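# Coordinate analysis (summary)
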Amino acid sequence: MISINPFSILAETVPPIAMQIFIITMVVLAAVGTILDIIHKKNVKYFFENAKKAKLSATKKLSNSERISVISKTIVSDIATTSELGAGKRRAAHLLGMYGTILFWIGSAIMIFCYSSPSSDTPSFWPVIWHVGAIMTVVGGGWFWFFLRVDVYSEAQPWYRIIKADLFVLALVAAALTGLIWSYLQSLNLNDRWDDKVFLVLFMVSNLVLFGGVYWSKFAHMFYKPGAAIQKNLAEADGSRDNLPPESDAPKQFGLGITREDPKHY
Ligand code: HEM
């Protein structure tokens, strides 16, 4: 199953153009949801106004090469390895989910746009990327949702309590999981049985919820976070520090309690 392109089997009953239109619709939904979110929250407007204000208190004018160096370091560390999450489980789960999703999406786009006719000879690399990406997304997202979510990890809420903030992670995991199950059932050649068709519908519905729900979910953080990380590091390099006071050089004295347990009561 892992080396079979599920979309070329699907092409025996669904025309490839329909799959391609579905992907384009998902991209448009994500773009529209993000733009509406930006208009509603005014976050990008605030972001640029704040950056302009902070620039006034810069103590150093960065040269182009210094700016490029700060931006490259941000891409390599803050963005590619989500360094904001520190060392530990939270970061490992996020990296699994993030890279899994990227592989899953790239695999889907390549297989649907380049190898989605029943006669296509798909290099096994792409189905493997797609299946491995889906598994990583389920493991990373599931780990985060069952064990690391703040309300479960720190507020002792039961794992099955679902709120609006879970829309993104749950839709993401559902899309990867239903995609995997659909691919598996389809590879069994069940012919007239309904099982794989049910999971194909669930796969489509979870993608519609994931991409159609951008306005209400945390989806757009994958666009905002990189911008914010670049601005934060530039503000540190030019001394403006986003108008925050400099770090204290006084000794850290938090009392003995600080070593008793991991900080997790936010
Ligand atoms: C394909 C790209 C990405 C995917 C699929 C992804 C996925 C996720 C998921 C599922 C969550 C949990 C959301 C929740 O609170 O329910 C999350 C949280 C988070 N993401 Fe991402 N993310 C992506 C890109 C990024 C990038 C580029 C950054 C930073 C530069 C980032 C930083 C964060 C942070 C700081 C959190 C909060 C984590 C926590 O509460 O433990 N993410 N992400």
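Residues numbered from 1 in each chain as written. Predicted model: local features only at pLDDT ≥ 70, side-chain atom pairs only at ≥ 80, totals over all residues.

### Considering the overall build of the chain
- Check the secondary structure of the chain and you find 10 helices and 0 strands.
- Across the chain, helices and strands are ordered from the amino to the carboxyl terminus as α-α-α-α-α-α-α-α-α-α.
- Structurally, the chain occupies a C-alpha span of about 70 × 45 × 35 Å along its principal axes.
- The 266 residues of the chain split such that 23% are buried.
- Put simply, of all contacts in the chain between residues at least 6 apart along the chain, 80% involve residues at least 24 apart. (Helix = DSSP H or I, 4+ residues; strand = E, 2+ residues; numbered from the N terminus. Buried ≥ 20, exposed ≤ 12 C-beta atoms within 10 Å, placed from the backbone. Contact = placed C-beta atoms within 7 Å.)

### Side note on helix α10 (residues 221-237)
- Between the first and last C-alpha of α10 there are 24 Å, a value that for 17 residues agrees with the 24 Å anticipated at 1.5 Å per step.
- Gly239 lies just past α10 and shows a positive phi near 80°. (Expected span 1.5 Å × (residues − 1).)

### Details of the site of the ligand
- Near the ligand there are 24 residues, and of these Met98, Thr101, Val169, Met222 and Lys225 occur at the shortest range.
- Every element with two or more residues in the shell around the ligand is listed here: α4 (64-79), α5 (89-114), α6 (125-148), α8 (167-187) and α10.
- In terms of residues, the shell around the ligand owes the most to one element, α5, which gives 6 residues.
- Looking at side-chain class alone, the shell around the ligand contains 12 nonpolar, 6 polar and 6 charged residues. (Near = placed C-beta within 6 Å. Nonpolar A, V, L, I, M, F, W, Y, C, P; charged D, E, K, R; others polar.)

### Here's the deal with the nonpolar core
- In terms of nonpolar packing, the biggest core is built from 34 residues, with Ala134, Leu172, Val173, Ala175 and Ala176 touching the most fellow members.
- Those elements giving two or more residues to this core turn out to be α1 (6-10), α5, α6, α8 and α9 (195-212).
- At 11 residues, α8 tops the list of elements feeding residues into this core.
- Apart from residues no more than four positions distant in its own chain, Ala175 is found in contact with Phe203, Ser206, Asn207 and Leu210. (Core = buried A, V, L, I, M, F, W, Y, C linked by C-beta atoms within 7 Å.)

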